[in-house]
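This is what each chain is made of:
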Amino acid sequence: MSSKSKLYRLEGVVLNRRDHGEADRVVKLLTAEGSVDVLAKGIRKPRSRKAGHLELFAKTQVLLSRVTGSWDIVSQAEVVQVRSHLQGDFQLGTYARYVAELAIRFFEGEAGPQLYTLVDDVFARLDGGANPALLTRWYEQQVLALAGFRPEWRTCVGERGAGLCHAPLHPRADDRHPYGLDLERGGAVCHECFAADTREHTVRPLSPSALSWLQALQRRSFDDVTQFALPERTAKELAQAMEQYIAYHLERRPAALRVLHDSRG
Ligand SMILES: [Zn+2]
């Protein structure tokens, strides 16, 4: 007969939690093998010993008990990194929820060690005082690439006449005409393709500054991009452009993003 143990260990970060029953919670953990829902019984009781070890966005180690036909049950939990700023600061928490939501929505449970490393790193940096807007823009480029939705920012994705344009894109501060963001074809278009395009809803203008930032955010490490100052105007343009891009590809606007925009007024 099988001697497979009913107990096993997992390390993961808490992506979200929802109340269940009178005192329990279902906790969604992102691990190196993907995301998994587990049941933390009694965690909402005042003297629960697990409570402090399964806070939102924390990195934690759990001992789970296998259950057939339901969620596996948390038998023990021991936090590895608490990330208290993400729990205590509303705005940082909103950025963290957005990071978690993209990981959930783009991957739907199936993910590998790269996503786990990325999300864990972004939560740690957010909690550690990194510029949250810049970090979020960098994360978007990384998570899109991992999910197979990597935007093309370096050559024109436009089509004119019979063929594809493929013009290399080298945005310069003194460019006099805008580039375009083509949601449908998944990337940027050159001046000529943007001027020639008549699809109103899936192509929007993109400034040279925003395009060169998108190129850098996609190809450079986060430590690299923090060497440059992101102008306020470009930051706003990038946030709007990527919101549209992601909404188009998810077909629904992420709920956490809506809160983030509303809270700024
Ligand atoms: Zn073109």
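Refer to the structure above for everything that follows.
In this text the structure is predicted, and so the values were computed from the model without any measurement. (Residues numbered from 1 in each chain as written. Predicted model: local features only at pLDDT ≥ 70, side-chain atom pairs only at ≥ 80, totals over all residues. Heavy atoms only, no water.)

Novice: Help me understand the nonpolar core in this model?
Specialist: Among soluble globular proteins, nonpolar side chains are generally buried collectively. Core analysis: the biggest nonpolar cluster contains 58 residues, and Val119, Phe123, Tyr139 and Leu206 have the highest contact counts within it. For Val119, the residues in contact, after removing those within four places along its chain, are Val13, Leu15, Leu30, Val99, Ala103 and Tyr139. Ranked by size, the runner-up nonpolar core spans 13 residues in total, among them Val14, Val27, Leu29 and Ala77. (Core = buried A, V, L, I, M, F, W, Y, C linked by side-chain atoms within 4.5 Å. Buried < 20%, exposed > 50% of the residue type's maximum accessible area, 1.4 Å probe, protein only. Contact = heavy atoms within 4.5 Å.)

Novice: Looking at this model, I keep getting lost on the coordination of the zinc ion. Mind explaining?
Specialist: The reference angle at a metal is 109.5 degrees if four donors form a tetrahedron and 90 or 180 degrees if six donors form an octahedron. Distances from the zinc ion to its protein donors, Cys156 (SG), Cys165 (SG), Cys190 (SG) and Cys193 (SG), fall within 2.3 Å. Coordination at the zinc ion comes from four donor atoms whose angles at the metal span 101 to 118°, giving a geometry best classed as tetrahedral. Donor residues for the zinc ion sit on one chain with the sequence pattern C-x8-C-x24-C-x2-C. (Donors = N, O, S within 2.8 Å, 3.2 Å for Na, K, Ca; no water. Tetrahedral: all angles 85-135°; square planar, octahedral: opposite > 155°, others 65-115°.)

Novice: I would appreciate a short explanation of the side chain of Lys59 in the present structure.
Specialist: Turning to its location among the elements, Lys59 is positioned in strand β4 (residues 59–65). At 2.9 Å, the side chain of Lys59 and the side chain of Asp120 are in polar contact. (Helix = DSSP H or I, 4+ residues; strand = E, 2+ residues; numbered from the N terminus. Polar contact = N/O pair within 3.5 Å; in protein donor to acceptor, adjacent residues only side chain to side chain.)

Novice: Mind showing me how you'd approach the pattern of salt bridges here?
Specialist: When their charged atoms lie close together, side chains carrying opposite charge are able to pair. Applying the stated rule across the entire model yields 15 salt bridges. Across the pair Asp37 and Lys28 runs a salt bridge, and its minimum N-O distance is 3.1 Å. Look at Lys28 and you get buried, because its relative accessible area is 16%. Between Asp121 and Arg125 there is a salt bridge, and its shortest N-O distance comes to 3.2 Å. Taken together, the residues span about one helical turn, with Asp121 and Arg125 both in helix α3 (residues 113–127) at a distance of four residues. Overall, the relative accessible area of 25% leaves Arg125 in the partly exposed class. Among the charged side chains, a network of salt bridges with common partners joins Arg18, Lys28 and Asp37. (Salt bridge = Lys/Arg side-chain N within 4 Å of Asp/Glu carboxyl O.)

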